[in-house]
Amino acid sequence: MVEEEILSILEESGALSSIEIEKELELRGVSIRARTVRYHLKKLEEKGLVRRNSGGKAELTEKGLKELKRKSAFERLGEFSERIEFNVYFCDFDVYSLSGLVPTNVAFIDKNDFDMVLSTIREICDGFPFLIAKKVVITDEMEEIGGIRVPKGKFALGAISNTLLDVILRGAGISTYPEYAALLSVEDMNPRGITELISYVGTTLSPGQLLLKAGLTSVHSVIEKGRGEIIVAIRSFSRYAIDIARRELELAESKGIGGVIKLLHPADRRFGLPAGRRARMIVSAGLNFLAPIHEKGVSMDIKVNELFVDFKEFRDL
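Values in this document were obtained by computation on a predicted structure and should not be read as measured data.

**Q** Please clarify how the environment of Gly-215 should be interpreted in this entry.
**A** Mapped onto the elements of the fold, Gly-215 is located in the loop between α8 (207–213) and α9 (219–225). Note on Gly-215: relative accessible area 54%, which makes it exposed. With 152 residues separating them in the primary sequence, Gly-215 and Lys-63 have C-alpha atoms 29 Å apart.

**Q** What am I meant to see in the sheet that holds strand β8 (residues 177–187) here?
**A** Through backbone hydrogen bonds, the strands of a sheet pair up, either in parallel or in antiparallel fashion. Strand order in this open sheet of five strands is β9-β8-β10-β12-β11, and the pairing throughout is antiparallel. This sheet does not close on itself; its edge strands, each paired only once, are β9 (190–199) and β11 (260–264). Each strand axis lies, on average, 30° off the axis of its neighbour in the sheet, ignoring direction. Relative to strand β12 (residues 279–284), strand β10 (residues 228–237) runs antiparallel, the two being bridged by six bridges. Directly across from Ile-234, in β12, lies its bridge partner Ile-282. Together, β10, β11 and β12 form the strand contacts of helix α10 (residues 242–254), whose direction differs from that of β11 by roughly 165°.

**Q** What is the right way to read the packing of helix α1 (residues 2–13) against helix α3 (residues 34–46) from this model?
**A** How two helices pack is summed up by the angle between their axes together with the distance between the axes. For the pair α1 and α3, interaxial distance at closest approach is 10 Å and the crossing angle is 80°. The orientation of α1 with respect to α3, classified from their angle, is roughly perpendicular. Counting all contacts with α1, which are made through Val-2, Glu-3, Ile-6 and Leu-7, the residues of α3 involved are His-40, Leu-41, Lys-43 and Leu-44. Tallied by class, residues from the contact of α1 with α3 come to five nonpolar, one polar and two charged.

**Q** Please explain unusual backbone geometry as it appears in this structure.
**A** Note on backbone geometry: most residues besides glycine have negative phi, and most peptide bonds are trans. A positive phi angle, close to 70°, is found at Met-142, a residue other than glycine. On the accessibility criterion, Met-142 (41% relative accessible area) is partly exposed. Positive phi is not limited to glycine here, since Asp-188 has a value of about 50°. By the element assignment, Asp-188 lies in the loop between β8 and β9.

**Q** Could you clarify how one ought to interpret the pairing of β12 in this entry?
**A** A regular strand carries its side chains on alternate faces of the sheet. With six of six residues buried, β12 is to be regarded as a mostly interior element. Residue alternation in β12 divides its side chains into two sets, Ala-279, Met-281 and Val-283 and Arg-280, Ile-282 and Ser-284, and both sets are buried. Bridge analysis of β11 against β12 gives four bridges, and the strand direction is antiparallel. Opposite Leu-263, over in β12, you have Met-281 as the bridge partner.

**Q** I would appreciate a short explanation of the nonpolar core in the present structure.
**A** Note that soluble globular proteins tend to have their nonpolar side chains buried in a common cluster. By size, the foremost hydrophobic cluster in this structure holds 83 residues, and its most contacted members are Phe-93, Phe-128, Leu-157, Ile-230 and Phe-237. Contacts of Phe-128, omitting those with residues within four sequence positions, involve Glu-123, Val-219, Val-222, Ile-223, Ile-230, Ser-284 and Asn-288. Residues Val-2, Leu-7, Leu-10 and Val-50 belong to the second largest nonpolar core, which totals 18 residues.

**Q** So what exactly am I meant to see when it comes to the packing of aromatic side chains here?
**A** A ring pair, where both rings are aromatic, is described by two values, the distance of the centres and the angle of the planes. Under the counting rule described, the total for this entry stands at seven aromatic pairs. Considering the side-chain rings of Phe-128 and Phe-130, the 5.4 Å spacing of their centres and the 80° angle between planes classify their relative orientation as edge-to-face. Among the aromatic side chains, those forming a connected cluster through ring pairs are Phe-86, Phe-90 and Phe-308.

**Q** Help me understand the sheet that holds strand β14 (residues 315–316) in this model?
**A** With antiparallel pairing, the five strands of this open sheet are ordered in space as β13-β3-β7-β4-β14. Among the strands making up the open sheet, the edge pair consists of β13 (300–310) and β14. Across two bridges, strand β4 (residues 135–139) lies against β14 in antiparallel orientation. Its bridge partner being in β14, Lys-135 is matched across the sheet by Asp-316. Its contacts with the sheet put helix α6 (residues 114–127) on β3 (101–110), β4 and β7 (154–160), and the angle it makes with β7 is roughly 15°. Running at roughly 170° to β3, helix α7 (residues 163–171) makes contact with β3, β7 and β13 of the sheet.

**Q** How do you make sense of the packing of helix α2 (residues 18–27) against α3 when you look at a structure like this?
**A** Interhelical geometry of α2 versus α3 gives an angle of 105° and a closest axis separation of 8 Å. For the element pair α2 / α3, the angle class is roughly perpendicular. Residues Ser-18, Ile-19, Ile-21, Glu-22 and Leu-25 of α2 lie in contact with α3, whose contacting residues are Ala-34, Val-37, Arg-38 and Leu-41.

**Q** Would you take a moment to explain the side chain of Ser-206 for this structure?
**A** With respect to the helices and strands, Ser-206 occurs in the loop between β9 and α8. Residue classification places Ser-206 among the buried positions, given a relative accessible area of 7%. In this structure, Ser-206 is in contact with Phe-80, Leu-287 and Val-304, ignoring residues within four places of it in sequence.

**Q** Could you clarify how one ought to interpret the pattern of salt bridges in this entry?
**A** Pairs may arise between side chains of opposite charge once their charged atoms sit close together. Summed over all chains, the structure comprises 14 salt bridges. In this structure, Lys-111 engages Glu-141 in a salt bridge whose closest nitrogen and oxygen atoms are separated by 3.4 Å. Of the two residues, Lys-111 sits in the loop between β3 and α6 while Glu-141 sits in the loop between β4 and β5 (144–145), which places them 30 residues apart along the sequence. Salt bridges sharing partners connect three or more residues here, namely Glu-3, Lys-43 and Lys-47.

Parameters at a glance
Residues numbered from 1 in each chain as written. Predicted model: local features only at pLDDT ≥ 70, side-chain atom pairs only at ≥ 80, totals over all residues. Heavy atoms only, no water. Helix = DSSP H or I, 4+ residues; strand = E, 2+ residues; numbered from the N terminus. Buried < 20%, exposed > 50% of the residue type's maximum accessible area, 1.4 Å probe, protein only. Pairing = 2+ DSSP bridges. Axes fitted to C-alpha atoms, helices over the stretch in contact; angles between N-to-C directions. Contact = heavy atoms within 4.5 Å. Parallel < 35°, antiparallel > 145°, perpendicular 65-115°, else oblique. Nonpolar A, V, L, I, M, F, W, Y, C, P; charged D, E, K, R; others polar. Core = buried A, V, L, I, M, F, W, Y, C linked by side-chain atoms within 4.5 Å. Phe/Tyr/Trp six-rings, centres within 6.5 Å; stacked < 30°, edge-to-face > 60°. Salt bridge = Lys/Arg side-chain N within 4 Å of Asp/Glu carboxyl O.

This is how it looks when you write it as structure tokens:
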């Protein structure tokens, strides 16, 4: 129990001394002396879960991080929805001035694939009607995006996350709740029905990314033929705020921010969603911007809703 708490503290706070760990444990209701902390640290070092840095402080090893995640997987169910909630309150984007930080999905891609990726982006912007925004940020190797340095031999492609719409609604006083990520069938460029659902509560990972990695999307087919499967996110909010939400989202669309597929009254069953008492918003996932690249077999390391980028850094293609 104590050692798991120590691993958790090191994951959250980075390298710490035994005295600093003692204070953090006390905040969690675990009262032990620094000497006892050092005993547990020694045991964790012997297991390869913790190491000492150059300053003598304890820090997690990669093995330690994996062990922590393995043991706490059940406790972390719903973790991604908490990340969304954090992003909504952290971002200061203002839809009126089109300024501030926005939640961003970032893919790190081999530079050898740059020309093909750029060509695919052009196809997406020209032929996919459900984008959050037709804007990207491209960062070269060894430069920074959202506080992370792009590895050598790679470039970073950033696309605006659909969580931006939650940020916009929060600015209008509407709190949204992430319910599901889903696959939505499209025919003749029109949304038809939901074919798969993943609850945010039942996973520790991005459910949209799970659908993408499982190879279930066919966004490029939508661009070429008008039919296929795209990723959508489903949010719920107070049914009494549906008119306010509609006005705010129409304003956002007039400013070039779209992606809303449908606002649903609780009684609306056209998409076959489980019954509820709240209004729902079905929105095209920001990952749809990256999906056609993935579908073409390009290897990408994708960070979903982990980075924040100033809106003014995004450019029209």
